[in-house]
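If you want the building blocks of each chain, they are given just below.
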2 protein chains.
Amino acid sequence: MKFKQLLLAGFLVSTILSAEAADIYSPGGELKLNVDVNAAGQPVYSLIYKGKELVSPSRLGIQADETKFSDGFRIEQVDTVTVDRSWEPVWGEYSTVRDHFREMAVKFVAEDPAREMTVRFRLFDDGLGFRYELPVQKGPNYLTVKDELTEFNFTGNHKLYCIPGDYDTDEYLWSETTFTDLPQALSSYKRHSEAQRTGGTTIQTPMLIKTADGVYVNMHEAALDGYPAMLLDVEPDKFSMKSHLVPDRLGVSAYLQLPFATPWRTLIVSDDARDILASQLVLNLNEPSKIEDTSWIKPMKFMGVWWEMFTGNQKTWAYSDDALAKPGITDYSKLKPNGRHPANTENVKKYIDFASANGIDGVLVEGWNEGWEDWASYRKNRQFLFDKPYPDFDLPYLRDYAKEKGVKLIMHHETAANASDYEKQLDRAFQFMKDNNYDAVKTGYVGAIIPRSEHHTSQWMVDHARHVIERAAEYKIMVDSHEAPRPTGLCRTYPNWLAQESARGGEFESMGGNPPSHTCILPFTRLKGGPMDYTPGLFETRMSYYGEGKDSQAGTTLARQLALYLTMPSPMQMVCDLPENYERFYDAFQFIKDVPVDWADSRYLEAEPNRYITVARRDKNSDDWFVGAITDENARTAEIDLSFLPKNEKFIATIYEDAPDADWKENPQAYRIRNVDVKSGMKLKQKLAPGGGAAIRITKKK
Amino acid sequence: MKFKQLLLAGFLVSTILSAEAADIYSPGGELKLNVDVNAAGQPVYSLIYKGKELVSPSRLGIQADETKFSDGFRIEQVDTVTVDRSWEPVWGEYSTVRDHFREMAVKFVAEDPAREMTVRFRLFDDGLGFRYELPVQKGPNYLTVKDELTEFNFTGNHKLYCIPGDYDTDEYLWSETTFTDLPQALSSYKRHSEAQRTGGTTIQTPMLIKTADGVYVNMHEAALDGYPAMLLDVEPDKFSMKSHLVPDRLGVSAYLQLPFATPWRTLIVSDDARDILASQLVLNLNEPSKIEDTSWIKPMKFMGVWWEMFTGNQKTWAYSDDALAKPGITDYSKLKPNGRHPANTENVKKYIDFASANGIDGVLVEGWNEGWEDWASYRKNRQFLFDKPYPDFDLPYLRDYAKEKGVKLIMHHETAANASDYEKQLDRAFQFMKDNNYDAVKTGYVGAIIPRSEHHTSQWMVDHARHVIERAAEYKIMVDSHEAPRPTGLCRTYPNWLAQESARGGEFESMGGNPPSHTCILPFTRLKGGPMDYTPGLFETRMSYYGEGKDSQAGTTLARQLALYLTMPSPMQMVCDLPENYERFYDAFQFIKDVPVDWADSRYLEAEPNRYITVARRDKNSDDWFVGAITDENARTAEIDLSFLPKNEKFIATIYEDAPDADWKENPQAYRIRNVDVKSGMKLKQKLAPGGGAAIRITKKK
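Residues numbered from 1 in each chain as written. Chains lettered and ligands numbered in written order. Predicted model: local features only at pLDDT ≥ 70, side-chain atom pairs only at ≥ 80, totals over all residues. Heavy atoms only, no water.

Participant: Would you mind showing me how to read unusual backbone geometry here?
Facilitator: In terms of backbone geometry, most residues other than glycine have negative phi values and most peptide bonds are trans. Residues and elements named next belong to chain A. Cis geometry marks the peptide bond from Leu258 to Pro259, where omega comes out at 0 degrees. Structurally, Pro259 is set in the loop between β21 (254-257) and β22 (260-261). Residues other than glycine seldom take positive phi values, yet Ala223 does so here, at roughly 60 degrees. Here Ala223 shows up in the loop between β18 (216-222) and β19 (230-235). (Helix = DSSP H or I, 4+ residues; strand = E, 2+ residues; numbered from the N terminus.)

Participant: Quick question: what am I supposed to make of the relation of the copies chain A and chain B here?
Facilitator: Think of it as a corkscrew move, a rotation about one axis and a shift along it, taking one chain copy to the other. Aligned on chain B, chain A shows an RMSD of 0.0 Å; the corresponding rotation is 180 degrees and the shift along the axis is 0.0 Å. What we have between these two chains is a two-fold relation. For chain A, the smallest separation between a C-alpha atom and the rotation axis is recorded for A:Ser453, amounting to 2.2 Å. Mapped onto chain B, 100% of the interface residues of chain A are again interface residues, and the two copies thus contact each other with one and the same surface. (Least-squares fit on C-alpha atoms with pLDDT ≥ 70 in both. Contact = heavy atoms within 4.5 Å.)

Participant: I keep staring at the sheet that holds strand β16 (residues 202-204) of chain A and nothing clicks. Help me out?
Facilitator: Think of a sheet as strands paired side by side through backbone hydrogen bonds, with each pair either parallel or antiparallel. Residue and element names in this part refer to chain A. Reading across the sheet, the 8 strands line up as β2-β3-β4-β5-β13-β20-β19-β16 and stay open at both edges, with antiparallel pairing between neighbours. Strands with a single pairing partner mark the edges of an open sheet, and in this sheet they are β2 (22-25) and β16. Direction aside, the axes of adjacent strands within the sheet are offset by 25 degrees on average. Across 7 bridges, strand β3 (residues 31-37) lies against strand β4 (residues 43-49) in antiparallel orientation. In the sheet register, Asp36 faces β4, and the bridge partner there is Val44. (Pairing = 2+ DSSP bridges. Axes fitted to C-alpha atoms, helices over the stretch in contact; angles between N-to-C directions.)

Participant: Explain the sheet that holds strand β7 (residues 68-69) of chain A to me, please; I cannot follow it from the model alone.
Facilitator: Residue and element names in this part refer to chain A. Spatially, the 4 strands line up as an open sheet ordered β7-β6-β12-β21, and their pairing is antiparallel. Taken across any chain shown, the strands that pair with only one partner, and hence form the sheet edges, are β7 and β21. Looking at chain direction, strand β12 (residues 142-148) and β21 are connected through 4 bridges and run antiparallel. Looking at the pairing, Tyr142 lines up with Gln257 of β21.

Below you can see the structure in the form of structure tokens.
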């Protein structure tokens, strides 16, 4: 299917001193890309959507101490090819993904000093990806990169959905603003204590743009590997953005040996918001799986001993209140237990029993190991041990008990951001897991990074993340990483990377809450990089963080929490609440028991960022369809067009919906469950309460 | 043997507002230590030797961002104890080491804010060690240390033997200067390219002082663990020094959790230079072995495939000249070999054969693994693989061949200073060694450190070194570390740490040479921390570095190289030269075959820093005595008093000496071997050529 064709222009430029522009159209013709060099020999590109300039000429280039891939260039050669292929993900929203693009590789050459650089563009019907390929040079081949020059010059004062630039965290609420209002929007953010926020008007990717014409653009990157994460420096008055590579603390962004190819810079483009959600562009730009035998990778639902620590009675991850205990040095069996430690044998058994009785695959236990007594990791060379259970956590017993009950225990590796010490312990930690029948781990990096030269998203940490995921794959371990560099579709290449946090998750419901709009923007932004461990399933929507007495009202109705299993798809999906809360609403819990986490097909039916999402998905392992619909703080009637159902068959829809008087703030736990006969072609009018949602299971009528 | 006694003063201070001084004498009474607080409540100490002030009142203290352990103090309690015990090292210069000292623990207490600190002093007959002990405080227990206040105020313009302060290297020639001439002496040093030298008049420890009265003082530290190395800031006109802790690149020296005890600051003191060499003070201040079963730790002599790469014909550690090859990514079997790679199967076999035929225990092979093609590690996330042999190094074959020949192969782990990547690979690298019958490794850290926040001797790297040595012990692997933080006697605690480089070694003979005085100062300075892998045994003393055509004349005669096995004792002693050079002087090589590397007893007979050393040692495994004598560039007649021999027995001394016309510069390879009947009480007058030496084996006459 692959072929290569030299454009005529490609031949001509070799004899023409002035640069020759090159352009291509997307397969369907709606997007047009133009690449050129300007008078200074600076490579530029522009992007036209449906005949209108979306990105006006914007610079390309990379600046290293040793060489500048920025100007003095001419286009020497242009190779184009059309590719139309498909692939089958190990898990995901679709059983087959089409990868259809027109590729143009533009080779820029400069003399004095001699340099060359190829920018490879892939123009899909739903957007653009491009990356820099730096081949072996006649000059220096080891680079100290301090700046990437990539610009994204937009043509109007568009709407921006974004969070502040930050080298260390992405756990922010989202702003809906405009280019010119961005400074004001960013000024309102509180700084996270350990985090290194950037100055000025820097924002993070993934982010979303909406033009006055109703064109949506998701901006992100794909296949972030061997390079730092990209933030975006915004010039509000020029409607422009420029790449801002996360530096290490010495001010260097990337140390490179050529040949090297950067991650892809991506723009998902459509005037239909649903296309942004459906787009597989970021995954398509990642390499196929490096794991040959993927039979051990199993999507799952899991419960966790964790929410007790967030929501009350001063329960702790720590076994003792002796803040100065030292893992591996202190004899924990002689420590005074604090009596508020849920990761104990008896309590974990309760979770295993509940999971077993309800078909939940796994139980995560946080706070099971030595080291939680303090949180001073930046001043320590070791915070945690990954093979030393607390005295009250009988690991061999629980291992055997869980096995007997058909439940998988999930390991927790909180590193307190000492990535360096985690690497020291990694092989042994993973071996310890395998020796004890664990095959999934939740990793965490809360705090300031060690090595102290690094940020959460600097190059070294990107390398660290890949190291961990590769090692995990060797041990056949699945990973759900928290506080790691944000996902960029690498889960295609390493399908054992089931989920990441990398955004403000459900845990914040106990710490001020997430407004209903929050989960209406995440699928447009954060989720384009890969699945999120958002932790849906919150049935008790009013809580007190750590029992501090300040009640927090979650930004959700109960029914909406069920819908999140559809709108926030993940192959490692949490069932976040306490067993007793599920027992209180056991009829609603039936939906969580039923809902799959891996899909044959997905149809985005309705979508508007920050406002609403309605999606239908077909189970990968049955003919059942599931629908989820959510809205922001406004009530809404979703229109669910059932034409995705096979014709001429009869179905029953079991609808879990907000009760008529439900409201996220005043009456969040009011829901109804009803059955309706449905068939293809029908349109369901489904009411959603303010901050509410609906979840529907559609099965064939027998 | 241990007892504890509270001094009367200790009781009194609790009722006296002004500070009460405390003092102790060394067991033999020649050293007196006084500890006091001055008017500002600053702790101070002074040291009197034979009635004369050696160190005048000098401040003590530690400065952290969170708390200052510097002033406002009173002495609350003084505990003293006399200890006289002995211990048996796994290997070393003595089969038994006496540890005899008077200890005084002075507890300093301050209010507003409340702080306390104990300084523990141990006064030996041959010097002083003291350390800070920071117990759990009422205030902050996590510290960010930027300065240690320890002063050493001397009382005259003493002679100093020292090298420049440097965070990354200690491979310098030594200056013999004075306090006031120090700035001039330091200005003459060339800066190592990757190294971070300190500004001003900062020097390193270990260093040596000689007063006008002929008192020698070695200054160093013991048990460097969990803390950065200490340099010394010198104020030339005040004859004073102050602790300068190596910072990380963020400017922080130590991140601490209390309780914490610093390394010991040490002063070895005597007016007999021989006592400095004989002192075991630094080892005594280290903890006993943490390794219970030490039966696998075996002192050894070893040859190496390495000197070929230093001395000619452009031979290389690298297999190929393709500088851009990437370990683990490039297919090395398809690379073009450069044909100048000595670490190939056939050549290594030659070394194994020679070692086997001559009773040399091991063969080190450098350049056996993927990664040597470039030296750009600071711009890479991986330079070397530790389990991937080059295509021309048939590891399984050589493993079996060496075993058959009774020779141990020694692994080489050059990390190119990417300590962080070494930690990623460490467990697997050690397992790979054990799987292939290796049980000793030479580690290397050439270049600028990764993590990039660190220096070779900053706290993180000190932690790294301990991590490596502990892991090695778990795998029963012996370690010879190069470019690691300098030794401080930790080889007592981890006796698998057989040797370290940590100074300008024999390899520099090929790069400009080491003057004869160099090995006359190292035993007074560098060797007080532990054995050095100096690489003696150089028989071909004229060479061309890397075949570059510039002949280098080693600062030695051939006979002196034999003497170095005595004057530079190490349990992992190299036999550094090429087999063919030993075959040329095979009668002299007999001494290297005969000389042991582990000792029952040692007697320093003559010594003057930078001038000469004569030492006699008794083999741990026989009744043989061995004598080594070296001189500087001046000819000398050593007087070897044989009264150490058992009386009433007859011995034969086999003397390997400089020929009468020998001279390190003009005639270095002229030597003689003769046998002499000797007995206790005799005094041998042994002539040493300029830059020469003599080596003697004394065996019982049968």
